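The lines below spell out each chain.
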There are 2 protein chains.
Amino acid sequence: MSGKGTTIQEVARVAGVSTATVSRTLSNPDLVRDGTKKAVLAAVEKTGYRINRAAQNLRKQQAGAILVLLPDLGNPFFSQILSGIESVLTTSDLSVLITDASGIKQSQLVGYFQDTRADGIIILDGAIPHGVLKELIEVVPDNRAVFACEWKPDTKLPSIRSDNQGGAHQAVAHLVELGHRKIGHVLGPRGNVLTKERLTGFERAMLEFDIDINSNWLIDGGEFSLEAGAQAARQFIELDELPTAIFCAADLIAMGLISEFAKHGISVPNDVSVIGFDDIAIAYRFIPSLTTIRQNRIQLGVLAATTLMNSLSGRSMPAENNVQLVDVLLVERESTAPLS
Amino acid sequence: MSGKGTTIQEVARVAGVSTATVSRTLSNPDLVRDGTKKAVLAAVEKTGYRINRAAQNLRKQQAGAILVLLPDLGNPFFSQILSGIESVLTTSDLSVLITDASGIKQSQLVGYFQDTRADGIIILDGAIPHGVLKELIEVVPDNRAVFACEWKPDTKLPSIRSDNQGGAHQAVAHLVELGHRKIGHVLGPRGNVLTKERLTGFERAMLEFDIDINSNWLIDGGEFSLEAGAQAARQFIELDELPTAIFCAADLIAMGLISEFAKHGISVPNDVSVIGFDDIAIAYRFIPSLTTIRQNRIQLGVLAATTLMNSLSGRSMPAENNVQLVDVLLVERESTAPLS
DNA sequence: TTGTAAGCGTTATCAA
DNA sequence: TTGATAACGCTTACAA
C-alpha cells in the first residue's frame, strides 16, 4: 500500500518491459515510445514505486545533496535564504544539508565531500577560517561551491550578493531627501566584506551630495548585533553634537541603537532618524517600525542554488561573470522622518 | 592526496587482506585480530580512504539521514535545538536534513521516506496538519518519529518537551515573591498544546498562592509573536485597572507587550512587571532585559536525537515512558521588580 | 526503440 | 579469525 520496497524490477514486470526502459521513462522520457511510456507510468502508479536514492546515487556516483554552510543558525536573517535554496533544490530532487559553521571542525566539512555525502556547497559565511576554506577548495572542485551574501575577496568562487554599495547609497539618499545633512553611520564588524561595501556606498553618496563626513559620527559597531547598536548609541550620546540621522549597517544594530537612545530620552524619529539594512522579520514590528534597505533574501537563495546547480551540471559560468548582484529596496517606515 | 575515489578494495590490497576484513575493522573491530586491525588502519590512513555513503546506505538499506521538520525556519527559537540535534547525529554519522513545514506538501514529506532519503524524523511542529501526520505515520513506523517541544496529544509518538506547566508555575511564584498579587497572563495561540500547558501551570500556581484569577487579565494572544504582545497591551490599556505583573506565554509576546506599553507611557518594570517564556537570544539584550523562563533548547535537541537514534537501533522505549520532560529555569532580569 | 548485462562500493552470509 | 562471494537497486554501454 505504501509502496515500501517496490523496486524497478517490480515495475518492469508489471509493465511488461525491461528495467532499462523503466529507468529511461523516468529519467529520459524522450528516448521512449509513447505507448511504452504510458504503460510504465501506469505500472509506477499501480505499484507505488519510489526510486531508491542510495542505489541511484551509488550508480551515478553522486551524493544527491547540497551542503549549506551558515555562520549562525540562530540568526533570523538566513531563514528566507534557506527557503529560496530549498525551493530550487527540491525541484531537482536534491536534499539540503544544513550545517552551522560555528565550531565545525575542518575535517568534518571536508568529510562531507570525501565520503560522498554532498555534491556541492553553498557558503553563507564569509568569516569561514582561511585554513578551512583552503582545504575545502583543495578537495572540492571549483564548480561545486558558491558564496551567497558574504564572500571572500581572494577566491574565484562564484558569488551571489546584494548590491550592498547601492543599498547604502539609497539609504543616504533617502535621508538627504528628508532634509538631513548631519548624517552618521554605524559600521558592522571590522574587516567584514559587507561592512566595507556599505561604508563605501555611504562615502560615495555623501560625496555625491556634497556632505562632509564627520568622523565623530562614524562609529565602529564591531558586530551585526543589538548590543553593537546599543554600544554605538552610548558613544553618540557622549558627543557634543548628535547627527540628525544615522544609517546603520544592519537592522539589529539599528534596533539596539534606537532602544538605547530611548533609554536616554532620545526619541526616534523625533530627535534622530534611523535607517537599517536587511529588513529582517522583526523590523516592521519594532517600535518605531524600522525604515530599512530590504535584501531580497529569497532571490539570493534561489540564485545561489541555481548557480550551483548549473555548475554541477556542467553549464558553468565563465570565470569573469562570477559575481551576481541582487537589487535591494528602500522600505520607508516610521524610524525616519523629515528634518524638523 | 585527497583520497578521492579510494575504495575499500584499494585499502584491502594495501593492507594485504580481504575487503571483508577492512569492512569489519571499520564497523566491527572486535571481530578482528589486533595485528590485522593495525595493518588495516594503517592502510586506511595511507590511502586516505573514506567510505562511500551511497554504497553503504544501499547495502544496509538505510538513508543515513534524519529529517527535522520545523514550523518556521525563521523563528530563532529553534536554532539551538538544531545544534543539539546536530551534535548527536553527527557523531553517529547521520546527516541532518531540515525542512520547513510551512507550505510543505504532504506527498513531499512522505516521499522522504518512500525513496529512502530519511531514516527517521524529528517533528518540531505540533501544528502539522492532521492529514499529513496521519499519512506520515502510516508510512513511517512508530519507532522512526519523535516529537520535540510541541506534540500532538492524540498520537503515541515519543515526545521530548520542556516542563511547561512547571515553568509557568515558577513564573507566577517569582512574581508573587516580588509582592505581586494582581497578576495577568497573555496566552499563546488558541488550541496550541504549549498554550494549554502554560495556562494550566498559571492556574495551578494562582490557586496554590490563593489568588483569584481576574478574567479581564487573561488575554488571548493568538500567536507567539511580537504583534500578539502589542495587541494584548492595547487590550490591557483599555481596562479600568491594570495588573501589576504579567506572565506572557512567550518572549516575543512579552517584548511586543513591553514595546506597546512604552508607547503609551507605561514603563516596565516601574508600572508593570513582565515575565516571558523561552529565553530567546534577544531577551537579554532587550531593553529592559527580559526576565523569563529558560528552556534548555540544546538538551531538548540532544534528547530528541538520542531518543530517535535509540528507537532506530531497536533500543526503543516502552510505550508508557513516551514523554521526557526537560527542566526549565527562571532567569531574573530587569523586566520584573518588587511591587512598589 | 528496447533489452541484456555489467558494475557502482559496500556488507553479510557462509565456508574455511 | 579471515576470505570468497552474492546481493543491495539502479543506470548505461552495447547489442539487437
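Preceding this paragraph is the structure being described.
**Side note on the packing of helix 1 (residues 8–15) of chain B against helix 2 (residues 19–27) of chain B**
Axes are the key here: two packed helices are described by the angle between their axes and the distance separating the axes. Residues and elements named next belong to chain B. Where helix 1 contacts helix 2, the axes come no closer than 8 Å and their chain directions differ by 100°. Taken together, the axes of helix 1 and helix 2 lie roughly perpendicular to each other. Facing helix 1, whose interface residues are Ile8, Gln9, Val11 and Ala12, helix 2 presents Thr19, Val22 and Ser23. Residue composition of the contact of helix 1 with helix 2, by class: four nonpolar, three polar and no charged.

**Examining the side chain of B:Asp115**
Position of B:Asp115 relative to the elements: it lies in the loop between helix 6 (106–114) and strand 3 (120–123). Among the residues examined, B:Asp115 registers a relative accessible area of 1% and is labelled buried. In this view, B:Asp115 contacts A:Arg50, A:Ile51, A:Asn52 and A:Arg53; residues no more than four positions away in its chain are not counted.

**A closer look at the protein's contact with DNA strand D**
Among the 24 residues in the neighbourhood of DNA strand D, the closest are listed as A:Ile8, A:Tyr49, A:Arg59, B:Thr21 and B:Thr36. The contact atoms of DNA strand D, taken as those within 4 Å of the protein, divide so that sugar and phosphate hold 60%. The separation between a phosphate oxygen of DNA strand D and a polar side-chain atom of A:Gln56 is 3.0 Å. In this structure, a phosphate oxygen belonging to DNA strand D sits 2.5 Å away from a side-chain N or O atom of B:Thr21. Where the surface near DNA strand D is concerned, the elements lending two or more residues are helix 2 (19–27) and helix 4 (53–60) of chain A together with helix 2 and helix 4 (53–60) of chain B.

**Some words on the sheet that holds strand 6 (residues 183–187) of chain A**
All names here are of chain A. Pairing in this open sheet of six strands is mixed, and the strands run 7-6-8-9-10-12 from one edge to the other. Every interior strand has two partners, whereas the edge strands, strand 7 (218–220) and strand 12 (328–331), have only one. Going across the sheet, the axis of each strand differs from the next one's by a mean of 15°, ignoring polarity. Sheet contacts for helix 10 (residues 226–237): strand 6, strand 7 and strand 8 (245–248); angle to strand 7, the most-contacted strand, approximately 140°.

**Here we look at helix 11 (residues 251–263) of chain A**
Residues and elements named next belong to chain A. Compared with an ideal rise of 1.5 Å per residue, which puts 13 residues at 18 Å, helix 11 spans 18 Å between its outermost C-alpha atoms and is within 8% of the ideal. Along helix 11, ten of the 13 residues are buried, which leaves the element largely enclosed by surrounding structure. Where helix 11 is buried, its residues touch strand 6, helix 10, strand 8, strand 9 (273–278) and strand 10 (291–295). Backbone geometry just after helix 11 places glycine 265 at a positive phi near 80°.

**Some words on the nonpolar core**
In terms of nonpolar packing, the biggest core is built from 105 residues, with A:Ile122, A:Leu257, B:Ile122 and B:Leu257 touching the most fellow members. Top contributing element to this core by residue count: helix 11 (residues 251–263) of chain B, with seven residues. In this view, B:Leu257 contacts B:Val186, B:Gly229, B:Ala230, B:Ala232, B:Ala233, B:Phe236, B:Ile246, B:Cys248 and B:Val274; residues no more than four positions away in its chain are not counted. Formed by 48 residues, the second largest nonpolar core is a distinct cluster that contains A:Ala118, A:Leu136, B:Ala118 and B:Ala145.

**Let's talk about the pattern of salt bridges**
Residue and element names in this part refer to chain B. In total, this model carries 22 salt bridges over all chains according to the counting rule given. In this structure, the salt-bridge partner of arginine 294 is aspartate 279, at a minimum N-O distance of 2.7 Å. You can see arginine 294 sitting in strand 10 (residues 291–295) and its partner aspartate 279 sitting in the loop between strand 9 (273–278) and strand 10, a full 15 residues away along the chain. Of the residues examined, arginine 294 reaches a relative accessible area of 34% and is grouped as partly exposed.

**Structural notes on the interface of chain A and chain B**
With 47 residues of chain A at the contact, the number on the chain B side is 47 residues. Between chain A and chain B, a total of about 4,200 Å² is buried, with carbon and sulfur atoms accounting for 57% of that surface. Among the residues of chain A in contact with chain B, A:Arg50, A:Arg285 and A:Ile287 are the three that bury the most area, contributing 14% of the side total. Summed over the shared surface of chain A and chain B, the number is four residue pairs in polar contact (both at pLDDT 80 or more). Residue assignment for the side of chain A that touches chain B shows that the elements contributing at least two residues are helix 4, helix 5 (79–91), strand 2 (95–100), helix 6 (106–114), helix 7 (130–139), helix 10 and helix 11 of chain A. Looking at which element gives the most residues to the side of chain A that touches chain B, the answer is strand 2 of chain A, with six residues.

The rules we used
Residues numbered from 1 in each chain as written. Chains lettered and ligands numbered in written order. Predicted model: local features only at pLDDT ≥ 70, side-chain atom pairs only at ≥ 80, totals over all residues. Heavy atoms only, no water. Axes fitted to C-alpha atoms, helices over the stretch in contact; angles between N-to-C directions. Helix = DSSP H or I, 4+ residues; strand = E, 2+ residues; numbered from the N terminus. Parallel < 35°, antiparallel > 145°, perpendicular 65-115°, else oblique. Contact = heavy atoms within 4.5 Å. Nonpolar A, V, L, I, M, F, W, Y, C, P; charged D, E, K, R; others polar. Buried < 20%, exposed > 50% of the residue type's maximum accessible area, 1.4 Å probe, protein only. Near = heavy atom within 4 Å. Polar contact = N/O pair within 3.5 Å; in protein donor to acceptor, adjacent residues only side chain to side chain. Pairing = 2+ DSSP bridges. Expected span 1.5 Å × (residues − 1). Core = buried A, V, L, I, M, F, W, Y, C linked by side-chain atoms within 4.5 Å. Salt bridge = Lys/Arg side-chain N within 4 Å of Asp/Glu carboxyl O. Buried area = accessible area lost by both parts, 1.4 Å probe.

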